[in-house]
Amino acid sequence: MKVLFKNKTKYSKEAYDEFLEFHQEKYGFSYYTYTFAIAVALLFCFVMQIQSKNYFISILTFVILVLFLLWRFYNPIQTVKQEKQSKKIENEQEFIFKFFEKKFLIYSQKLNRQVFYWQLHKVFETEEYFYLYIDKTHAFLLDKQSFEVGTPEGFSKFIREKCKFKFSSKI
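Definitions and limits used
- Residues numbered from 1 in each chain as written.
- Predicted model: local features only at pLDDT ≥ 70, side-chain atom pairs only at ≥ 80, totals over all residues.
- Heavy atoms only, no water.
- Helix = DSSP H or I, 4+ residues; strand = E, 2+ residues; numbered from the N terminus.
- Buried < 20%, exposed > 50% of the residue type's maximum accessible area, 1.4 Å probe, protein only.
- Contact = heavy atoms within 4.5 Å.
- Pairing = 2+ DSSP bridges.

### Focus: the environment of Q119
- Mapping Q119 onto the fold places it in the loop between β4 (112-116) and β5 (122-125).
- Classification of Q119 by relative accessible area gives partly exposed; the value is 36%.
- Between the C-alpha atom of Q119 and that of F158, which follows or precedes it by 39 residues, the distance is 16 Å.
- Those residues in contact with Q119, other than ones at most four positions away along the chain, are Q114 and I134.

### Observations concerning the pairing of β5
- Bridge count for β5 against strand β6 (residues 129-133) is four bridges, and the pairing is antiparallel. Paired with F124 across the strands is Y131, a residue of β6.
- Connecting β5 to the next strand, β6, in antiparallel fashion are three residues.
- In this sheet, strand β9 (residues 167-169) lies alongside β5 in parallel orientation, the contact comprising three bridges. Within the sheet, the bridge partner assigned to E125 lies in β9 and is S169.

Structural data, given as structure tokens:
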């Protein structure tokens, strides 16, 4: 198999902070809108149960509302905190990405992973990075300055073709 593109990206705190800022800008509004809509619905159910004098169900609804809000606000904060303290960020771990015609491989000290292009959730291009999302919250970061085989412009055309309806550019 011929390597079409090769990239070595170092995961630093600055790169992770930039990713978090991008992710918040891209998905923050929908996340908070969804949270607000569910919270309003649960609050409405809570009030209706109190009016109906179903106190057990009203307490249950209130507990569900509180747990939902804690999960929606506390869980992301904890996840970001854990990620920032992970060895890959603290030690500025380097990831090697090799891109082939139908898939790409990711190498690091502890990770060897194969991903097919159809498995990608979304692909975003910014001035400095490519973000290859594998789900709604996790992405691989590719620094545009770190291509060893190929160029960022060539990779942009390549990944745009492989992920036609999943690709978006912020340039």
